[in-house]
Amino acid sequence: KPLLPDMPIMNFGNMPADGGKLILSDEEKREFIRCNPKTEKFIKPLIGADDFINGKQRWCIWLYGRNENEYMDIPEIKRRIEDLKLIREKSSRPQLASIPHLFAQITQPMGVSFILIPRHSSENREYIPIGYFNETNIAHDSCLVLGTDDIWLFGILTSKIHMAWVKTVGGRLETRYRYSAQLCYNTFPFPIITDRQKNELKVLAQSVLDIRDQHFDMTLGEMYNPETMPEDLKTAHHILDMA
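For the structure given in this document, a descriptive report is provided here.

The rules behind these values
Residues numbered from 1 in each chain as written. Predicted model: local features only at pLDDT ≥ 70, side-chain atom pairs only at ≥ 80, totals over all residues. Heavy atoms only, no water. Axes fitted to C-alpha atoms, helices over the stretch in contact; angles between N-to-C directions. Helix = DSSP H or I, 4+ residues; strand = E, 2+ residues; numbered from the N terminus. Parallel < 35°, antiparallel > 145°, perpendicular 65-115°, else oblique. Contact = heavy atoms within 4.5 Å. Nonpolar A, V, L, I, M, F, W, Y, C, P; charged D, E, K, R; others polar. Buried < 20%, exposed > 50% of the residue type's maximum accessible area, 1.4 Å probe, protein only. Arc of directions from axis to C-beta. Disulfide = S-S within 2.5 Å. Pairing = 2+ DSSP bridges. Expected span 1.5 Å × (residues − 1).

Concerning the packing of helix α1 (residues 26-35) against helix α4 (residues 75-89)
Okay, so step 1: Relative orientation of the contacting elements α1 and α4 amounts to 125 degrees, with a least axis distance of 9 Å. With respect to their mutual orientation, α1 and α4 come out oblique. Side by side, α1 and α4 meet where E28, F32 and C35 of the first sit next to E76, I77 and R80 of the second.
Okay, so step 2: Partitioning the contact of α1 with α4 into residue classes produces 3 nonpolar, no polar and 3 charged.

This is the structure we're talking about:
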């Protein structure tokens, strides 16, 4: 558990183990909805590490918390569920065939915004690109997630002081950062801060996110490449680091 009291638990994102049956590309999503508009309410954005960093978009059929009567009369969805059941029956974990409409593991806290951290990223960056998403998005298990509406925590994790800790105690995949809840987050020594300090970090963290949005023509990989990082984003991070 985290050293600091009352801090949210960090989990892996959700593991599909779906044989490609619950994940859709942009084109597949459009075709899915064109064939049957009723499917749209069951499709959510899926955020994986590569998608997040390199500006790609994937989607998933998300039936968690849904009643079977809502979707089993939709041929496009029913067919994929039946196909996945067969795939899982023949897999190393046949017990998953009992939930062919769901991801194999659902570990993202539902109904709350979340901080997303790619498990692996380039060591050339001064900051690991970290995201903040609302509850309508689904995190892939190539990422780690913190279910929280406290954006000041995003500010702490996207700081150079946290990066210094990650570089010192975190693991590596080849030479890339390998972020771990146990090594990097749970062990992070940070003082208990006041509400005033939290509010200051909240404002500065939101500034980082707002400036990112202004550079919508760049991927996060480009924004956090030391050679192409926009000056206003560097400044926003510097001010946050100083705070």
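Still to come is the rest of the account.
Points about unusual backbone geometry
Okay, so step 1: Even without a glycine there, the phi angle at A17 is positive, about 40 degrees.
Okay, so step 2: Relative to the helices and strands, A17 is located in the loop between β1 (10-12) and β2 (23-24).
Okay, so step 3: Not every positive phi belongs to a glycine, and E174 is a case in point at roughly 60 degrees.
Okay, so step 4: Looking at the element boundaries, E174 is found in the loop between β10 (171-173) and β11 (176-178).

Brief notes about helix α6 (residues 160-169)
Okay, so step 1: Among the residues of α6, those classed as buried are H162, M163 and V166. Taken around the axis of α6, the buried residues stretch over an arc of 100 degrees, which confines them to a single face. Facing away from the buried side of α6 by more than 90 degrees, the exposed set consists of I161 and T168.

Observations concerning the state of the cysteines
Here is the idea: a disulfide is a covalent bond, and it sits between the sulfur atoms of two cysteines.
Okay, so step 1: Taken as a whole and judged by the stated rule, the model has 0 disulfides.
Okay, so step 2: Just so you know, C60 is unpaired, no disulfide at all, and the nearest cysteine sulfur is the one on C143, 13 Å from it.

A short note on the sheet that holds strand β4 (residues 58-61)
Okay, so step 1: Taking strand neighbours across the sheet as the criterion, the 4 strands line up as β2-β4-β3-β8 in an open arrangement whose pairing is mixed. Both outer strands of the open sheet, β2 and β8 (138-139), are each paired with one neighbouring strand and no more.
Okay, so step 2: Of the strand pairs in this sheet, strand β3 (residues 43-47) and β8 are connected by 2 bridges, and their pairing is parallel. Counted as the bridge partner of I47 is A139 from β8.

Some points on α4
Okay, so step 1: Between its terminal C-alpha atoms α4 stretches 21 Å, which fits the 21 Å expected from 15 residues at 1.5 Å a residue.
Okay, so step 2: Where α4 is concerned, the buried positions are E76, I77, R80, I81, L84 and R88. Buried residues of α4, viewed axially, fall in a sector of 125 degrees; they line one side.
Okay, so step 3: In this structure, the buried side of α4 is in contact with β2, α1, β4 and α3 (68-71).

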